[in-house]
Amino acid sequence: MGSPLKPPDGNWWNQPINRRESIWLGLGAVWSMILFGWMSIWTREGDQNPIGRTYRVTEEEFREKIEAYKEAADETDDGIVPPGDEVYIAGLRYGWDGLPVVLEAGREYDLHLGAYDVQHGFSVRPEETLSKQINLQILPGYEWVVPMTFDEPGTYQVICNEFCGVGHRSMHGTFVVEEGDG
Ligand SMILES: [Cu+2]
């Protein structure tokens, strides 16, 4: 019997590796190289990648775009009614410029998302199904154009889910989705 206080007899430190262990180590090494190579495919293929287009834009340019959009839009008691299919929304400390907005159910809009100051999280969810939501990161310096369709009429809540400062928790907004014409 060996003692935990004394080393085992013989050259225990220089035994050949068991064949099965070598095979599994080899399989592990091969698989890790396959996954390593696959990383470059994952950045191009698959539904996990963000959709839409992004453009570089300065904070000033994005403010001007939002102003021009709001000039062209109608303002009702429920919110901004966009003039066409383009919808502009900017995150800022602490609120959403461009919300509330009134949209039609079943119609595809292009959401132009941006930020005036720091990174914000754009989280949209239907009021009655809070577990169903999408989360997008929006960054200053970029305009992200995301196609989006609301299938069901109702109120959709927007919150910021990226901590951006003391007023972060007050960053609420809404989409008011009404029955479409179609
Ligand atoms: Cu925020």
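What you see is a predicted model, and the numbers here were worked out from it, not measured in a lab. (Residues numbered from 1 in each chain as written. Predicted model: local features only at pLDDT ≥ 70, side-chain atom pairs only at ≥ 80, totals over all residues.)

Per the secondary structure count, the protein chain includes 2 helices and 12 strands. Listed N to C, the secondary structure of the protein chain is α-β-α-β-β-β-β-β-β-β-β-β-β-β in terms of helices and strands. A compact globule built from 182 residues should have a C-alpha radius of gyration of about 16 Å, whereas the protein chain, at 26 Å, is more than 25% larger. Judged by the C-alpha coordinates and their principal axes, the protein chain covers about 90 × 40 × 35 Å. For the protein chain, the residues scored as buried account for 18% of the 182 residues in total. Nonlocal contacts in the protein chain, meaning residues at least 24 apart in sequence, comprise 66% of its contacts between residues at least 6 apart. (Helix = DSSP H or I, 4+ residues; strand = E, 2+ residues; numbered from the N terminus. Rg over C-alpha atoms; globule rule 2.2 N^0.38 Å. Buried ≥ 20, exposed ≤ 12 C-beta atoms within 10 Å, placed from the backbone. Contact = placed C-beta atoms within 7 Å.)

A few words on unusual backbone geometry. Of the consecutive residues Arg93 and Tyr94, the connecting peptide bond is found in the cis state with omega at 5 degrees. Looking at where Tyr94 falls in the secondary structure, it is placed in the loop between strand 4 (86-92) and strand 5 (95-97). Along the chain, Leu99 connects to Pro100 via a cis peptide bond; the corresponding omega equals -5 degrees. Within the secondary structure layout, Pro100 lies in the loop between strand 5 and strand 6 (101-104).

To continue, consider the environment of Ala68. As for its position among the elements, Ala68 is in helix 2 (residues 59-72). With 79 residues separating them along the chain, Ala68 and Pro147 place their C-alpha atoms 20 Å apart.

Here helix 1 (residues 19-42) is 24 residues long and its end C-alpha atoms lie 34 Å apart, about the 34 Å a rise of 1.5 Å per residue gives. For helix 1, a buried count of 0 out of 24 residues is recorded, marking the element as mostly open to its surroundings. (Expected span 1.5 Å × (residues − 1).)

Let us now look at the domain arrangement of the protein chain. Under the domain assignment used here, the protein chain contains domain 1 (16-42) and domain 2 (53-178). The distance between the C-alpha centroids of domain 1 and domain 2 comes to 45 Å. (Domains from an automatic or database assignment.)

Right, let's talk about the environment of Trp24 for a bit. Secondary-structure assignment places Trp24 in helix 1. Note: C-alpha distance between Trp24 and Gly154 (130 residues apart in sequence) is 55 Å.

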